[in-house]
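Results of the structural survey
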Amino acid sequence: MSDSISTLAELKAASQTPTAARNRLTYLFDEGKFTELDAYAAAGDSLAGVITAFGYVEGNPVYAFSQDVTVKDGALTEAQAKKIAKVYDLAAKTGVPVVGIFDSYGADVSDGSKALNAYGELLMWTSTFQVLFLR
């Protein structure tokens, strides 16, 4: 994938390119079908680096995300964290479980404190979600 996306056509093509993250979700969901959420979310001049989706697994509704190691080595950015947090928020509102597939080398250092804050937000969402639904 290109490190820089400058046109809408490039953004659309990049968001539909088969990646390990997209393939994982294709295999996870029934018949490989799912609805991707926020496909065009960007972090600077590239995609956010995470695929988020809603679909069904063995007939049960599920939200899921899979980090995309082909975008900045899967490094967590503020945009990526916002996409994942949105999945947790939607799942909490609807009482649907979340499947998270992490494939990252850590935080994006160019995002600095925003990336660290994003990790904190994700830890909060994960722990809140577990308290609500795993009792």
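As the structure is a computational prediction, the values presented were derived from the model and not from experiment. (Residues numbered from 1 in each chain as written. Predicted model: local features only at pLDDT ≥ 70, side-chain atom pairs only at ≥ 80, totals over all residues. Heavy atoms only, no water.)

1. Here's the deal with unusual backbone geometry
Even without being glycine, D38 reaches a positive phi, approximately 50 degrees. Positionally, D38 belongs in the loop between strand 1 (34-37) and strand 2 (42-43). On the accessibility criterion, D38 (32% relative accessible area) is partly exposed. One non-glycine residue, E58, lies in the positive phi region at around 50 degrees. Along the chain, the position of E58 falls in the loop between strand 4 (50-57) and strand 5 (60-67). (Helix = DSSP H or I, 4+ residues; strand = E, 2+ residues; numbered from the N terminus. Buried < 20%, exposed > 50% of the residue type's maximum accessible area, 1.4 Å probe, protein only.)

2. Digging into the sheet that holds strand 6 (residues 98-101)
Spatially, 1-4-5-6 is the arrangement adopted by the 4 strands of the open sheet, whose pairing is mixed. Edge strands, defined here as strands with exactly one partner in the open sheet, are strand 1 and strand 6. The mean inter-strand angle of the sheet, taken between neighbouring strand axes irrespective of direction, is 25 degrees. Relative to strand 5, strand 4 is paired through 8 bridges, and the arrangement is antiparallel. Within strand 5, the residue paired with I51 across the bridge is S66. Where helix 2 (residues 20-28) meets the sheet, its contacts fall on strand 1, strand 4, strand 5 and strand 6, and the angle it forms with strand 5 comes to roughly 165 degrees. Docked against the sheet, helix 3 (residues 78-94) engages strand 1, strand 4, strand 5 and strand 6, running at close to 165 degrees with respect to strand 5. (Pairing = 2+ DSSP bridges. Axes fitted to C-alpha atoms, helices over the stretch in contact; angles between N-to-C directions. Contact = heavy atoms within 4.5 Å.)

3. Some words on the pattern of salt bridges
Within this structure, the stated rule accounts for 6 salt bridges. A salt bridge links K33 to E31; the nearest nitrogen and oxygen atoms lie 3.8 Å apart. For the pair formed by K33 and E31, the shared burial category is exposed. Salt-bridge contacts for K82 lead to E78; the nearest nitrogen and oxygen are separated by 3.9 Å. Pair noted here: K82 and E78 are both in helix 3, with a separation of 4 residues, about one helical turn. Here K82 falls in the exposed class, since its relative accessible area comes to 55%. (Salt bridge = Lys/Arg side-chain N within 4 Å of Asp/Glu carboxyl O.)

4. Some remarks on the nonpolar core
Within the largest apolar cluster, 14 residues are counted, with the highest numbers of intra-cluster contacts made by Y63, F65, I84 and V98. Those elements giving two or more residues to this core turn out to be strand 5, helix 3 and helix 4 (113-133). Examining the composition of this core, we find that 5 residues originate from one element, helix 3, more than from any other. Core analysis: the second largest hydrophobic core is formed by 7 residues, A21, I51, A53 and A64 among them. (Core = buried A, V, L, I, M, F, W, Y, C linked by side-chain atoms within 4.5 Å.)

5. A closer look at the environment of L25
Position of L25 among the secondary structure elements: in helix 2. Given a relative accessible area of 0%, L25 falls into the buried group. Sequence separation between L25 and S66 is 41 residues, and the spatial gap between their C-alpha atoms is 7.1 Å. Apart from the residues within four sequence positions on either side, L25 is in contact with F34, I51, A53, A64, F65, S66 and I101.

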